[in-house]
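# Reading the structure
One-letter residues, chain by chain:
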Amino acid sequence: MNRRFGKTDFIVLAVVFAVLVFAVIFTAFKRKQGEFVVISLDGEVYREVPLEKDQEIEIKKEGITINVLDIREGKADMRKASCPDKLCVRQKPVSKSGESIVCLPNKVVVEVKGEAKGDFDSIAR
Ligand SMILES: [Zn+2]
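These lines cover the structure that appears in this document, whether it is placed above or below. (Residues numbered from 1 in each chain as written. Predicted model: local features only at pLDDT ≥ 70, side-chain atom pairs only at ≥ 80, totals over all residues. Heavy atoms only, no water.)

## Let's talk about the overall build of the protein chain
Along the backbone of the protein chain there are 3 helices and 7 strands. Its helices and strands taken in sequence order, the protein chain reads α-β-β-β-β-β-α-β-β-α from the N to the C terminus. Across the 125 residues that make up the protein chain, the buried fraction comes to 27%. Taking all contacts inside the protein chain whose residues are at least 6 apart in sequence as the whole, residues at least 24 apart take part in 32%. Counting only carbon and sulfur atoms, one obtains 59% of the accessible surface of the protein chain, whose full area is about 9,000 Å². (Helix = DSSP H or I, 4+ residues; strand = E, 2+ residues; numbered from the N terminus. Buried < 20%, exposed > 50% of the residue type's maximum accessible area, 1.4 Å probe, protein only. Contact = heavy atoms within 4.5 Å. Areas by Shrake-Rupley, 256 points an atom, 1.4 Å probe, with all protein chains shown as cover.)

Below is the structure:
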């Protein structure tokens with residue numbers, strides 16, 4: 001049987017390829033979709049902020065701003081901090097569910113969370 005690469009093979013390949021591409025895009029998209037950040041101060045939830053709206057959040061402790069978090073284009077970035085090491089400011093902006101920025105000296109934790117849609121996350125927890 002001298003079978004040549006025919007139309008059917010092409011369709012099968014195209015379908016397989018499309019499914020693969022879709023799966024990759026879907027996975028990437030899903031991972032990217034952090035929906036809000038939870039800001040914790042001293043181990044307690046300070047604020048929950050959606051990532052979709054650009055804004056600047058001042059994290060205050062006893063009336064003094066200790067950290068400034070910048071939400072821009074769906075990413076959370078520590079803009080300013082009163083801590084001596086400034087490690088949190090140097091950290092890259094976070095946008096994916098599960099990513100976080102930690103400011104140890106100020107006991108500030110910024111964690112990106114997905115909504116209930118992120119089934120994988122809730123199972124992992
Ligand atoms: Zn810091």
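## Observations regarding the pairing of strand β7 (residues 108-113)
Here β7 shows a buried face lined by Val 108, Val 110 and Val 112 and an unburied face lined by Val 109, Glu 111 and Lys 113. When strand β1 (residues 36-41) meets β7, the two strands line up antiparallel, connected through 6 bridges. The partner of Phe 36 across the bridge, within β7, is Lys 113. Relative to β7, strand β6 (residues 100-103) runs antiparallel, the two sharing 4 bridges. When the sheet's bridge partners are listed, Cys 103 is paired in β7 with Val 108. Count of turn residues in the β6/β7 antiparallel hairpin: 4 residues, of which Lys 107 carries a positive phi of about 55°. (Pairing = 2+ DSSP bridges.)

## Structural notes on the coordination of the zinc ion
Coordination sphere of the zinc ion, protein contribution only: Cys 83 (SG), Cys 88 (SG) and Cys 103 (SG), at 2.1 to 2.2 Å. Each donor residue of the zinc ion lies on one chain, and together they are spaced C-x4-C-x14-C. With Cys 83 in the loop between β5 (75-81) and α2 (87-90) and Cys 103 in strand β6, the pair connects residues that are 20 residues apart, well separated along the chain. (Donors = N, O, S within 2.8 Å, 3.2 Å for Na, K, Ca; no water.)

## Observations regarding the pattern of salt bridges
When charged atoms on two side chains of opposite charge get close, those side chains can pair. Enumeration according to the criterion identifies 6 salt bridges in this entry. The residue Lys 60 makes a salt bridge to Glu 58 at a minimum N-O spacing of 3.8 Å. With relative accessibility at 39%, the residue Lys 60 sits in the partly exposed group. With a relative accessible area of 37%, Glu 58 lands in the partly exposed category. Members of the salt-bridge network, linked through shared partners, are Asp 70, Arg 72, Asp 77 and Arg 79. (Salt bridge = Lys/Arg side-chain N within 4 Å of Asp/Glu carboxyl O.)

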